[in-house]
Amino acid sequence: MTSTDDNDLIGLFRKGALFAFEALVRKYQDRIYNLCRYMLQNPEDAQDAAQDAAQDVFLKAYRALKDFRPESSFYTWLYRIALNTCLDYRRKSRREALRNEPLPEDLPSDEPFPEQLYESEEISESVQLALQKLPEKLRAAIVLREIEALSYEEIAEVLYISMGTVKSRISRAREQLRRLLKKNMG
Amino acid sequence: MKCTHVKKMISRYVDDALSPDEKKDVDSHVRGCASCREGLEEIRALHQMFASAERFPAPYGFATRVLANLEEKEGSRLRSLLAIRPLFIRAAQVTFALVVITMGIVSGNLLLAERTETIEQAAVVQEAFSLDLFQATPPDSIGGIYSTLMRPNHES
């Protein structure tokens, strides 16, 4: 994630080279899509929602790129857009769920968990389900740390919070997840 | 060191974000404290669970769809962006257009010249056929008399 390369591409884009924006999309599409998968709702419907959200992220980035200031890195800026977009999607789907059926968050807690987890798919599913029960702020911090493997400094930059707050949010998120998974698997 | 203090450090311990002294303190505490040892093991297991959880790459054609989406929603701006091209590309485009037009005119003229020739040849061939093999208007028919009268230097 070298920001000099990104800044070169942003410079080219501002001069009118659309291919430079395409290069940025291709460079970050997997990371942004993956982030959306883990930030959004239930694993079953996360696929479509994540794709829509990730599309929106790049559309927003395209529109806002002229205001981007190179003192922060492009990818932390992009991650911030992605987290805000996911937050909007969750609010929207929660409103729709309220209108139609009971809250989707209430459902997974009764689902049985497999006793042993072998496949990465199964692991990601149980992790995703547990993640959905965390408060937004804790979920964002732990997903950036564990799924996207960002450092504490990078997370502080994405979330606009102090290093102390990053450490405490990650610690609290882990503690809550530990209890959730223990309850489900025990 | 108290358990509450150690519990706050476990997360950073797993992330390898403690100073060597802090790490040493936690190590010596968990050796003697079963509860904190269990806590550390579970947070470590959670960390490994995340590490082996599936990573989802963007679906096939994602970037192409992003750009198509942009074109649809930001059409006019995008077109103006595309219109900005370096001058040498513009010059090359104009030259190419002129070459194509010139080639069109030249080849058109050549084809026309050739065609005129063949039309004349065809007329000669056709005349030869019609006079030698068929007599469209026999001399004693009304048409024959008429065409004989109409001939510029007829004998009668």
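The sections below set out a description of the structure shown in this document. (Residues numbered from 1 in each chain as written. Chains lettered and ligands numbered in written order. Predicted model: local features only at pLDDT ≥ 70, side-chain atom pairs only at ≥ 80, totals over all residues. Heavy atoms only, no water.)

Residue and element names in this part refer to chain A. At a closest axis distance of 10 Å, the pairing of helix α6 (residues 136-147) and helix α7 (residues 152-159) adopts a crossing angle of 140°. Judged by the inter-axis angle, α6 sits oblique to α7. Considering how the two elements wind past one another, α6 and α7 form a crossing that is right-handed. Residues Ala140, Ala141, Leu144 and Arg145 of α6 lie in contact with α7, whose contacting residues are Tyr152, Ile155, Val158 and Leu159. For the contact of α6 with α7, the residue count by class is seven nonpolar, no polar and one charged. (Axes fitted to C-alpha atoms, helices over the stretch in contact; angles between N-to-C directions. Helix = DSSP H or I, 4+ residues; strand = E, 2+ residues; numbered from the N terminus. Parallel < 35°, antiparallel > 145°, perpendicular 65-115°, else oblique. Left-handed = near helix turned anticlockwise from the far one by under 90°. Contact = heavy atoms within 4.5 Å. Nonpolar A, V, L, I, M, F, W, Y, C, P; charged D, E, K, R; others polar.)

Residues A:Ile32, A:Leu65, A:Phe74, A:Leu131, A:Ile142 and A:Leu177 are the most contacted members of the largest nonpolar core, which totals 72 residues. Counting residues per element, this core draws most heavily on helix α2 (residues 18-39) of chain A, at 12 residues. With residues near it in sequence (within four places) discarded, A:Ile32 still touches A:Ala54, A:Val57, A:Phe58, A:Leu78, A:Tyr79 and A:Ala82. B:Ile10, B:Val14, B:Leu18 and B:Ile43 belong to the second largest nonpolar core, which has 12 residues in total. (Core = buried A, V, L, I, M, F, W, Y, C linked by side-chain atoms within 4.5 Å. Buried < 20%, exposed > 50% of the residue type's maximum accessible area, 1.4 Å probe, protein only.)

If you walk through the whole model with that rule in mind, you get 16 salt bridges over all chains. With a closest N to O distance of 3.9 Å, A:Lys60 and A:Asp88 form a salt bridge. A residue pair is termed long-range when its members are at least 10 positions apart, and A:Lys60 in helix α3 (residues 43-64) and A:Asp88 in helix α4 (residues 74-100) qualify at 28 residues. Accessibility expressed as a relative area gives 32% for A:Lys60, which makes it partly exposed. Taking the relative accessible area as the measure of exposure, A:Asp88 reaches 38% and is therefore partly exposed. Residue B:Asp15 pairs with A:Arg145 through a salt bridge whose shortest N-O separation is 2.9 Å. Of this pair, B:Asp15 sits in the loop between α1 (3-14) and α2 (20-32) while A:Arg145 is found in helix α6, placing the two residues in two different chains. Three or more residues joined by partner-sharing salt bridges are found here, namely A:Glu175, A:Arg178, A:Arg179, A:Lys182, B:Glu38 and B:Glu42. (Salt bridge = Lys/Arg side-chain N within 4 Å of Asp/Glu carboxyl O.)

Residues and elements named next belong to chain B. Between α1 and helix α3 (residues 34-52), whose axes approach to 10 Å, the crossing angle comes to 25°. Overall, the two elements α1 and α3 adopt an arrangement that is roughly parallel. The two elements α1 and α3 meet at a crossing, and its hand is right-handed. Taking contact as the criterion, the partners of Cys3, Val6, Lys7, Ile10, Tyr13 and Val14 in α1 are, on α3, Ser35, Cys36, Gly39, Leu40, Ile43, Arg44 and His47.

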